[in-house]
Amino acid sequence: MNIEDSLRDALRPQDPGAQFTARVMSAVGAAPRRRARLQLPMALAASVVATAVGLGLLHSQAEQRRGEVARQQLVLALEITSEKLNQVQQRLVRAGNEENGT
Amino acid sequence: MSLQFSPVSGPLPGAAAASDTGAAALRPAPAAGHAATVVDLARRGDMEAFARLVRTHQARVFSVALRLTGRREDAEELAQDAFVQLHAALSQIQGESHLIHWLLRAVTHRSIDRLRQRERQPRLVPLDVAGEDIAADQVDPLSARRLQTMLQVLPVPARAVVLLRYQEDLDPPEIATLLDMPLNTVKSHLRRSLDALRALHGGHPHEY
């Protein structure tokens, strides 16, 4: 037998035994599952979305409050203006009456 | 022992031209159609199908690890790791040939890495290769034992090349792809290893 045939004969695969298969399957079963691995980024994504929505709601509420304040300020300004206008009008009327002797 | 690629002077005489295809695909195992179905099932999460794949290929994977590292304990661990990694990578496996290539590549590279780690530490235990089981139908058990032991004398890259050539029957282009080694380097390792083994073992001269 030449060296190559001798090598092929000597190097025939050797089976490690049935226990090896069982150990592999046990190790595979103990390895982190892909679903579990996916759950973590999914949870992170969900929390990011929830935070974004929450922040959006807060922003909206803050804007509403600012709007309300602005409205109140405008109303107050208008009231002040209106009152002042009334006062000026009353003075003008009084002044007119005094000129006319009424 | 570092993996140094040595320059080569040319193709080995008598090398089959058909093997110089550079193709990465390996020769399919017997009953490839049936095995491909098992791969599909395993890819879909069928654990029994995966167990069948393990039983089908554990001998080759374990033997490569054993004959590279020389230690049964390391070989079992490395072979087991290769299959655990395979299970995680099943979605990438495209069929029987690809699966075999993937396993051989994984266990060979891991075994070589293990040897590199071991080289940094003093050797405390003897090699287990002498305790390798000899098959009942081995043609020449004494010769087989001697060759298995002599294999450990070869440098690691050459040892890997010889194993893949004569245990797995891969041709040089397939070995080059699997080991990420230049084709001429593979052929050089084969030529020199055969010369060395022939000189140590005796036997009839044979032109490769």
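Here the residue numbers are simple positions, counted from 1 along each chain's written sequence. All chains are assigned letters beginning with A, and all ligands numbers beginning with 1, in the order in which they are written. Where local features are concerned, this predicted model is filtered to residues with pLDDT of at least 70; where side-chain atom pairs are given and counted, the filter is 80 or more; whole-chain, interface and lining totals use all residues. Side-chain numbers here rest on the full set of heavy atoms in the structure, without hydrogens or water.

**Student:** Provide a residue-level description of the interface of chain B and chain A, including the pertinent values.
**Tutor:** As a measure of interface size, the accessible area lost when the parts come together is often cited. Pairs of residues are marked as contacts when any of their non-hydrogen atoms sit within 4.5 Å. Listed per partner, the contact involves 47 residues of chain B and 24 residues of chain A. Between chain B and chain A, a total of about 3200 Å² is buried, with carbon and sulfur atoms accounting for 60% of that surface. When two parts are put together, the accessible area they lose, computed with a 1.4 Å probe and summed over both, is reported as buried area. The largest per-residue losses of area from chain B upon contact with chain A belong to Gln 58, Gln 80 and Tyr 166 of chain B, which jointly make up 19% of the total buried on that side. In what follows, salt bridge is the name for a side-chain nitrogen of Lys or Arg lying within 4 Å of a carboxyl oxygen of Asp or Glu. One salt bridge in this structure joins Arg 23 of chain A and Glu 76 of chain B, with 3.7 Å as the shortest N-O distance. As used in this structure description, the phrase polar contact means that two N or O atoms lie within 3.5 Å; if the pair is within protein, one of them must be able to donate a hydrogen and the other to accept it, and residues adjacent in sequence are counted only when both atoms belong to side chains. Connecting chain B to chain A are nine residue pairs in polar contact (both at pLDDT 80 or more). Take the side of chain B that touches chain A: its biggest share by element is 12 residues, from helix H2 (residues 47-69) of chain B. Lys, Arg, Asp and Glu make up the charged group, whereas Ala, Val, Leu, Ile, Met, Phe, Trp, Tyr, Cys and Pro make up the nonpolar group; the residues left over, Gly among them, are polar. Classifying every residue of the side of chain B that touches chain A gives 23 nonpolar, 12 polar and 12 charged. Numbered from the N terminus, helices here are DSSP runs of H or I no shorter than four residues, and strands are runs of E no shorter than two.

**Student:** Provide a residue-level description of the packing of helix H6 (residues 156-166) of chain B against helix H7 (residues 172-179) of chain B, including the pertinent values.
**Tutor:** Residues and elements named next belong to chain B. Note on definitions: angles span 0 to 180 degrees between N-to-C directions of axes, and those axes are lines fitted to C-alpha atoms, for helices only across the stretch in contact. Two elements in contact, H6 and H7, have axes separated by 10 Å at closest approach and are oriented at 130°. In terms of their interaxial angle, H6 and H7 are classed as oblique. Here the hand of the crossing between H6 and H7 comes out right-handed. Contact residues: Ala 160, Val 161, Leu 164 and Arg 165 in H6; Ile 175, Leu 178 and Leu 179 in H7. In terms of residue class, the contact of H6 with H7 is built from six nonpolar, no polar and one charged. For classification purposes, angles smaller than 35 degrees are called roughly parallel, those larger than 145 roughly antiparallel, those between 65 and 115 roughly perpendicular, and all remaining angles oblique. A clockwise turn of the near helix away from the far one marks a right-handed crossing, whereas an anticlockwise turn of less than a right angle marks a left-handed crossing.

**Student:** Now, about the packing of aromatic side chains: what can you tell me, with residues and values included?
**Tutor:** In this scheme Phe, Tyr and Trp rings, the latter by its six-membered ring, pair at centre separations within 6.5 Å, and the angle between planes marks the pair as stacked below 30 degrees, edge-to-face above 60, and tilted otherwise. Overall, the coordinates contain one aromatic pair over all chains when judged by the stated rule. Residues Phe 20 of chain A and Phe 83 of chain B carry aromatic rings whose centres are separated by 6.1 Å and whose planes lie at 70° to one another, so their mutual orientation is edge-to-face. Placement of the pair is Phe 20 of chain A in helix H2 (residues 18-30) and Phe 83 of chain B in helix H3 (residues 72-88), with the two residues belonging to separate chains. The ring centre of Tyr 166 of chain B lies 5.6 Å from the NZ or CZ of Arg 165 of chain B, which sits over that ring. Charges are assigned to positions over rings by a cutoff of 6 Å between ring centre and Lys NZ or Arg CZ, combined with an angular limit of 35 degrees from the ring normal.

**Student:** Describe unusual backbone geometry, with residues and values.
**Tutor:** All names here are of chain B. The backbone of Asp 169 sits at a positive phi, close to 60°, despite the residue not being glycine. Note on placement: Asp 169 falls in the loop between H6 and H7. Relative accessibility thresholds used throughout: buried, under 20% of the residue-type maximum; exposed, over 50%; partly exposed, between the two (1.4 Å probe, protein chains only). We classify Asp 169 as partly exposed; its relative accessible area is 38%. Residues other than glycine seldom take positive phi values, yet Asp 180 does so here, at roughly 55°. Its location among the elements puts Asp 180 in the loop between H7 and helix H8 (183-201).

**Student:** Describe the confidence of the model for chain B, naming the residues involved and giving the relevant values.
**Tutor:** Residues and elements named next belong to chain B. Summary statistics for chain B give a mean pLDDT of 80 and a share of 70% for residues scoring 70 or more. Confidence of the predictor at the level of single residues is captured by pLDDT, which takes values from 0 to 100. Confidence scores differ between elements of chain B, with helix H1 (residues 32-43) showing the lowest mean pLDDT of 76 and H7 the highest of 97. Confidence drops under pLDDT 50 across residues 1-28; counting only partners more than four residues distant or on other chains, this segment forms 57 contacts. Contacts from residues 204-208, a stretch scored under 50 in pLDDT, to residues over four places away or in other chains number 19 contacts. For this predicted complex, the interface confidence score (ipTM) comes to 0.73, while the overall pTM stands at 0.63.

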